[in-house]
Amino acid sequence: MKTPIILGIESSCDDTSAAIIHGRKILSNIVATQKVHENYGGVVPELASRAHQQNIVPVVHQAIYKANISKKQIDAIAFTKGPGLVGSLLVGTSFAKSLSMSLDVPLIEVNHMQGHIFAHFIEDANRSPITFPFLCLTVSGGHTQIVQVNNYFDMIILGETLDDAAGEAFDKIGKLLGLNYPAGPLLDKISQEGNENKYSFPLPKLNGIKFSFSGIKTSVLYFLQKEIKKNSNFINENLNDLCASVQKTIIKALIKKLKEAIHLTGIKNIAIAGGVSANSKLRTEVLKLKESDHCKIFIPKLEYTTDNAAMIAIVGSIKFEHQKFTDLSASANARYKI
Ligand code: KG4
Ligand code: ZN
């Protein structure tokens, strides 16, 4: 079989992205991140769909141009079917369907969460390839899951969050600290200058592979309210230490459950994925599992952590290898499960 060239399209949340992949090699990966949400503390769905509508054509053009191919060389189009915001997903889905009609090439539907995990299959000369079975801690703005990946299309979710996702916890607590959306990367940066042992917030007490982050958020809120009563400038004066202490708590909760999953399954190949896998503390802590639990650790390249179409294109490529196509009746599904 000829190595396919696939266009990947991602529009599930607030990033409009297009990528071209040749086999498992990424030729281009263009991401237009929407700035309109910065001051709202979260993504405004209506604004997100409008921005996708504006961005999708130029982003796809740029991806084709940067890959140095012509539209006619595209063998298939992979798009994010879900999960995500329905108005955002509809833009990418409709665009992918129209382009597949006009180019007369097959369509491949992709689960966004599977995309985050499959980013580990993108060809990379500097990283050793991941092998099955592996556990993936997928941590993003909408999801927090530990997934047992037995094979490309055989995945079991071992546990998820009962309330907020890890990225959501970073964003919401960041908002309490006065940081713009998305607060995760800013909080990570500010934490570098802070003392992570200055404040302590309670970890959730949960049996089994489950996460919960709303309690941490509430305890930070009450703590800040109490301190601000005594000193109205409390946050400004202690921002670095506050950020570092919050970050330490969230990452500790993630690593604790990841270790439990390792002990439960005996699987020692460990990957992290999703926007929060860009977090420097998570990256450092997960690497420690090499020594403590004799694990092999797989950390994605930074550009493939937050939402991007390269991860959609790689799923497309692997589904193409297995001839898993869909047709023009395909539709967006905001709650699409892996
Ligand atoms: O995977 P992603 O781009 O979108 C979703 O699928 O949700 O993840 C976005 C999330 C946001 O909550 C953002 O604050 C968080 O990932 N994030 C980070 C970092 N970079 C992105 N959180 C903590 N530290 C970071 N360095
Ligand atoms: Zn994502």
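If you look the protein up in an unreviewed UniProt entry, it shows as tRNA N6-adenosine threonylcarbamoyltransferase from Apibacter adventoris. Looking at the protein in UniProt, the text filed under Subcellular location (unreviewed entry) is "Cytoplasm". Per UniProt, the protein has the following entry under Sequence similarities (unreviewed entry): "Belongs to the KAE1 / TsaD family."

Caption draft 1: Local environment of helix H7 (residues 234–265). A rise of 1.5 Å per residue sets the reference length of H7, with its 32 residues, at 46 Å; its end C-alpha atoms lie 45 Å apart and thus fit the reference within 8%. At Asn 240, H7 shows its maximal bend, which comes to roughly 60°. Two residues or fewer past H7, Gly 266 is found with a positive phi of approximately 75°.

Caption draft 2: Examining the site of ligand 1 more closely. In the region of ligand 1, 20 residues are neighbours, and Ser 140, Gly 141, Gly 167, Gly 184 and Gly 275 sit closest. Of all the secondary structure elements, the ones that give two or more residues to the shell around ligand 1 are helix H4 (166–176) and helix H5 (183–191). Each residue belonging to the shell around ligand 1 can be placed in one class, and the counts come to seven nonpolar, nine polar and four charged. Among the domains, domain 1 (5–120 + 305–321) and domain 2 (131–300) are the pair contributing at least three residues each to the shell around ligand 1.

Caption draft 3: Quick look at the confidence of the model for the protein. Overall, the prediction assigns the protein a mean pLDDT of 97, with 100% of residues at 70 or greater. Our summary of model confidence lists the complex with pTM equal to 0.97 and ipTM equal to 0.99.

Caption draft 4: Inspection of the nonpolar core at higher detail. In this structure, Ala 63, Ile 77, Ala 78, Ile 250, Ala 310, Ala 313 and Ile 314 are the most contacted members of the largest nonpolar core, which totals 85 residues. When residues of this core are assigned to their parent elements, the largest contribution, ten residues, is made by H7. Two domains each donate at least three residues to this core, and these are domain 1 (5–120 + 305–321) and domain 2 (131–300). In this structure Ala 78 touches Ile 6, Gly 8, Ile 108, Val 110, Ile 312, Ala 313, Val 315 and Gly 316, once residues within four positions along its chain are discounted. Listed in part, the seven residues of the second largest apolar core include Cys 13, Ala 51, Leu 89 and Ala 332.

Caption draft 5: Structural context of the pairing of strand S1 (residues 5–10). Counting buried positions along S1 gives six out of six residues, so the element sits mostly inside the fold. Judged by which residues are buried, S1 turns out to be covered on both faces: Ile 5, Leu 7 and Ile 9 on one side and Ile 6, Gly 8 and Glu 10 on the other are all buried. Looking at chain direction, S1 and strand S2 (residues 15–22) are connected through six bridges and run antiparallel. Looking at S2, one finds that Leu 7 is bridged to Ile 20. Taking the residues that link successive antiparallel strands as the turn, the S1-S2 hairpin has four residues.

Caption draft 6: Looking closely at the UniProt feature "binding site: Fe cation" (unreviewed entry) in the protein. Sequence positions flagged by UniProt for "binding site: Fe cation" (unreviewed entry) are, in local numbering, His 112, His 116 and Asp 307. Separation in sequence by 196 residues is not matched in space for these annotated residues, since their most distant C-alpha atoms are only 8.8 Å apart. For His 116, the position within the fold is in helix H3 (residues 112–118). Taking the C-beta count within 10 Å as the criterion, His 116 has 32 such neighbours and is therefore assigned buried. Structurally, Asp 307 is set in the loop between strand S10 (296–298) and helix H10 (310–321). For Asp 307, a count of 26 C-beta atoms within 10 Å translates into the label buried. Leave out the neighbours within four places in its chain, and Asp 307 touches Glu 10, Ser 12, Cys 13, Asp 15 and Ser 17.

Caption draft 7: Here's a closer look at the sheet that holds strand S9 (residues 269–273). Spatially, S8-S7-S6-S9-S10 is the arrangement adopted by the five strands of the open sheet, whose pairing is mixed. The open sheet has two free edges, formed respectively by strand S8 (154–160) and S10, since each of these has just one partner strand. The sheet shows a mean angle of 25° between the axes of neighbouring strands, taken without regard to direction. Where strand S7 (residues 144–151) and S8 come together, six bridges link them in antiparallel fashion. Opposite Gln 148, over in S8, you have Ile 156 as the bridge partner. In the packing of H7 onto the sheet, contacts are made with strand S6 (134–139), S7, S8 and S9, and the angle to S6 comes to roughly 160°.

About the cut-offs
Numbering of residues starts from 1 in each chain and follows the order in which that chain's sequence is written. For naming, the first written chain is A and the first written ligand is 1, with later ones following in the order written. Under the rules for a predicted model, residues below a pLDDT of 70 receive no local features and side-chain atom pairs below 80 are neither given nor counted, while totals for whole chains, interfaces and linings still include all residues. UniProt positions are given in the numbering used here, feature names are shortened, and annotations may be inferred rather than shown by experiment. Helix and strand assignments come from DSSP, with helices taken as H or I runs of at least 4 residues and strands as E runs of at least 2, each series counted from the N terminus. In this analysis, the expected span of each helix is defined as 1.5 Å times one less than the number of residues it contains. The angle between axes fitted to the seven residues ending at a residue and the seven residues starting there is what we call the bend at that residue. In this entry, near means the residue's backbone-placed C-beta atom lies within 6 Å of the molecule or strand. The residue classification treats Ala, Val, Leu, Ile, Met, Phe, Trp, Tyr, Cys and Pro as nonpolar and Asp, Glu, Lys and Arg as charged. All others, Gly included, are polar. Per the annotation, domain bounds derive from an automatic or database assignment of domains. Each residue carries a pLDDT score, the predictor's own confidence in it, on a scale running from 0 to 100. To form a nonpolar core, buried Ala, Val, Leu, Ile, Met, Phe, Trp, Tyr and Cys residues must be joined through C-beta atoms within 7 Å. The exposure label follows from counting other C-beta atoms within 10 Å of a residue's C-beta, where the C-beta atoms are placed from the backbone and the thresholds are 20 or more for buried and 12 or fewer for exposed, leaving partly exposed in between. A residue pair is marked as a contact if its C-beta atoms, positioned from the backbone, fall within 7 Å. A pair of strands is considered paired only if DSSP assigns at least 2 bridges between the two. Fitting a line to C-alpha atoms yields each axis, with helices limited to the stretch in contact; the angle taken between N-to-C directions then spans 0 to 180 degrees.

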